[in-house]
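Residues per chain are reported as follows:
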Amino acid sequence: MKIPKKHPRSKSLIERHKIEEGMKKGIVTPTGMIAQGRGEAFDYLLGERTIAPAQKAIKAAAALLLLAKFPVISVNGNTTVLCGNETVALAKSLGCEIEVNLFYRSQKREKLIEKEFQRSGVGILGVNPKKKLKGISSKRAMVDAKGIWKSDCVLVMLEDGDRTEVLRKNGKKVVAIDLNPLSRTAKKGNITIIDNCTRAVPLLTKEIRKLKKKNDSELRRIIKGFNNNKNLRQCVNCIKKGV
Ligand code: ATP
């Protein structure tokens, strides 16, 4: 697909192109393409920008991730192709592991994703994992003993509600990045950032670098002042005002 250089919607065209390329490589599945379409629709309604409630959620998420003893970033096919390099920068800012978890798990796809991250100079967890989370019967229950299994806080992006719920049931705090404020993931997360992962991940990295200088009680105060349900309602209001 030819991408026009200065087209007002060129950002979403670039994302679509990345997803298409990911599909050709076998990293993204047809279901991932559907998820991309759903995301694009919500991004359009949000004005394809980071709205004020999302900025607030990014600050609270940064505080929660900094307070965690063992945070892990969970990636899938879509997030690898959309914001793989940005995810590496985020993991470096936190000093945490990246773990692959796929809805349609296959060793071939896990390895392809691992290879993408190796190109950015990092190794990832979750290839052929051995531990099983309680409460979910599919292969998605499998997690890495050195990663999500022992984590206390997991960052998920473009995730489905079932897995988010299972992570919570297994005692993990969940930070979610999702464009749909009405999704089950958005509602189940402890802190949900309603934004495109391509914008939210770099902003989260920036916020983490800033908040690193704060002490634990200041970070706790930021989290205490954040209410996820209220924030989601504000996001829905932003959409209503825009249409
Ligand atoms: P749930 O099970 O949480 O209700 P779902 O079944 O609608 O969600 P999935 O297809 O499992 O969703 O996951 C895709 C989610 O990711 C959707 O909510 C979609 O809006 C969101 N999404 C798609 N693209 C992006 C993106 N680039 N950045 C952030 N979120 C995205």
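What counts and what doesn't
Residues numbered from 1 in each chain as written. Predicted model: local features only at pLDDT ≥ 70, side-chain atom pairs only at ≥ 80, totals over all residues. Heavy atoms only, no water. Near = heavy atom within 4 Å. Polar contact = N/O pair within 3.5 Å; in protein donor to acceptor, adjacent residues only side chain to side chain. Areas by Shrake-Rupley, 256 points an atom, 1.4 Å probe, with all protein chains shown as cover. Helix = DSSP H or I, 4+ residues; strand = E, 2+ residues; numbered from the N terminus. Nonpolar A, V, L, I, M, F, W, Y, C, P; charged D, E, K, R; others polar. Pairing = 2+ DSSP bridges. Patch = residues over 30% accessible without salt bridge, like charges linked within 9 Å, V, L, I, M, F, W, Y side chains within 5 Å. Salt bridge = Lys/Arg side-chain N within 4 Å of Asp/Glu carboxyl O. Lys, Arg positive; Asp, Glu negative; His and termini not counted. Charge placed at Lys NZ, Arg CZ, Asp CG, Glu CD. Buried < 20%, exposed > 50% of the residue type's maximum accessible area, 1.4 Å probe, protein only. Disulfide = S-S within 2.5 Å. Axes fitted to C-alpha atoms, helices over the stretch in contact; angles between N-to-C directions. Contact = heavy atoms within 4.5 Å. Phe/Tyr/Trp six-rings, centres within 6.5 Å; stacked < 30°, edge-to-face > 60°. Parallel < 35°, antiparallel > 145°, perpendicular 65-115°, else oblique. Left-handed = near helix turned anticlockwise from the far one by under 90°.

S.K.: Please clarify how the site of the ligand should be interpreted in this entry.
M.R.: Residues in close proximity to the ligand total 17 residues, the closest being Arg38, Gly161, Asp178, Arg184 and Thr185. Taking aspartate 178, its side chain carries an N or O atom lying 2.8 Å from an oxygen atom of the ligand. Contact distances for the ligand include 2.9 Å between a nitrogen atom and a side-chain N or O atom of asparagine 196. When the ligand is considered free in solution it has 640 Å² of accessible area, and contact with the protein chains removes 87% of it. Those elements giving two or more residues to the shell around the ligand turn out to be helix H2 (30–45) and helix H7 (184–188). The greatest single-element share of the shell around the ligand, amounting to three residues, is contributed by H2. A breakdown of the residues in the shell around the ligand according to their chemical character gives five nonpolar, six polar and six charged.

S.K.: Explanation requested: the pairing of strand E2 (residues 97–100) in the structure shown.
M.R.: Two faces make up the sheet, and in a regular strand the side chains alternate between them. In terms of strand pairing, strand E1 (residues 71–75) meets E2 through four bridges, oriented parallel. The residue of E2 that forms the bridge with isoleucine 73 is isoleucine 98.

S.K.: In this structure, what is going on with a positive patch on the surface? I would like to understand it.
M.R.: On the surface, a cluster of positive charge is contributed by Lys59, Lys213, Lys214 and Arg221. Relative to the elements of secondary structure, arginine 221 occurs in helix H9 (residues 216–224). Taking relative accessible area as the criterion, arginine 221 reaches 57% and is therefore assigned exposed.

S.K.: For this particular structure, what's the right way to read the state of the cysteines?
M.R.: Disulfide: a covalent bond formed between the sulfur atoms of two cysteine residues. A full pass over the atoms with the stated rule returns zero disulfides. No disulfide involves cysteine 96; its sulfur sits 9.4 Å from the nearest other cysteine sulfur, which is in cysteine 153. Overall, cysteine 96 belongs to the buried group, its relative accessible area being 14%. Just so you know, cysteine 235 is unpaired, no disulfide at all, and the nearest cysteine sulfur is the one on cysteine 238, 6.1 Å from it.

S.K.: Mind showing me how you'd approach the sheet that holds E2 here?
M.R.: Note: strands within a sheet are paired through backbone hydrogen bonds, in either parallel or antiparallel orientation. Ordered by their spatial adjacency, five strands build an open sheet running E2-E1-E5-E6-E7, and the pairing between neighbours is parallel. If you trace the sheet from one side to the other, it starts and ends with E2 and strand E7 (191–193), each paired once. The mean angle between the axes of side-by-side strands here comes to 20°, regardless of whether they run parallel or antiparallel. In this structure, E1 lies alongside strand E5 (residues 153–157), joined through three bridges in parallel fashion.

S.K.: Can you walk me through unusual backbone geometry in this structure?
M.R.: With the exception of glycine, the majority of residues adopt a negative phi angle, and the majority of peptide bonds are in the trans configuration. Positioned with a positive phi, glutamate 48 is a non-glycine residue whose angle comes to about 50°. By relative accessible area, which is 25% here, glutamate 48 ends up partly exposed.

S.K.: When you look at the environment of lysine 59 in this model, what are you seeing that I'm missing?
M.R.: With respect to the helices and strands, lysine 59 occurs in helix H3 (residues 52–67). In this structure lysine 59 comes out as partly exposed when scored by relative accessible area, which is 38%. Along the primary structure lysine 59 and phenylalanine 226 are separated by 167 residues, whereas in three dimensions their C-alpha atoms are 9.3 Å apart. Aside from chain neighbours lying at most four places away, what touches lysine 59 is Glu207, Leu211 and Ile222.

S.K.: Would you mind showing me how to read the packing of aromatic side chains here?
M.R.: When we look at a pair of aromatic rings, we describe it by the centre distance and by the angle of the planes. Under the counting rule described, the total for this entry stands at one aromatic pair. Here the aromatic rings of phenylalanine 103 and tyrosine 104 are separated by 5.0 Å at their centres, their planes lie at 65°, and the arrangement is edge-to-face. Phenylalanine 103 gets classed as partly exposed once you look at its relative accessible area, which sits at 46%.

S.K.: I tried to follow the environment of arginine 38 on my own but got confused; where do I start?
M.R.: One can find arginine 38 in helix H2. Owing to a relative accessible area of 49%, arginine 38 belongs among the partly exposed residues under this scheme. Note: C-alpha distance between arginine 38 and leucine 179 (141 residues apart in sequence) is 8.6 Å.

S.K.: When you look at the packing of helix H1 (residues 10–25) against helix H4 (residues 77–94) in this model, what are you seeing that I'm missing?
M.R.: Pairs of packed helices are described in terms of their axes, by the angle between the two and the distance that separates them. Where H1 meets H4, the axes come as close as 9 Å, and the angle between the chain directions of the two elements is 130°. If you check the angle between H1 and H4, you find them oblique. Judged by the sense of rotation from one axis to the other, the crossing of H1 with H4 is right-handed. Residues Glu15, Lys18, Ile19 and Gly22 of H1 form the contact with H4, whose own contacting residues are Asn78, Val81 and Leu82. Partitioned by chemical class, the residues of the contact of H1 with H4 number three nonpolar, two polar and two charged.

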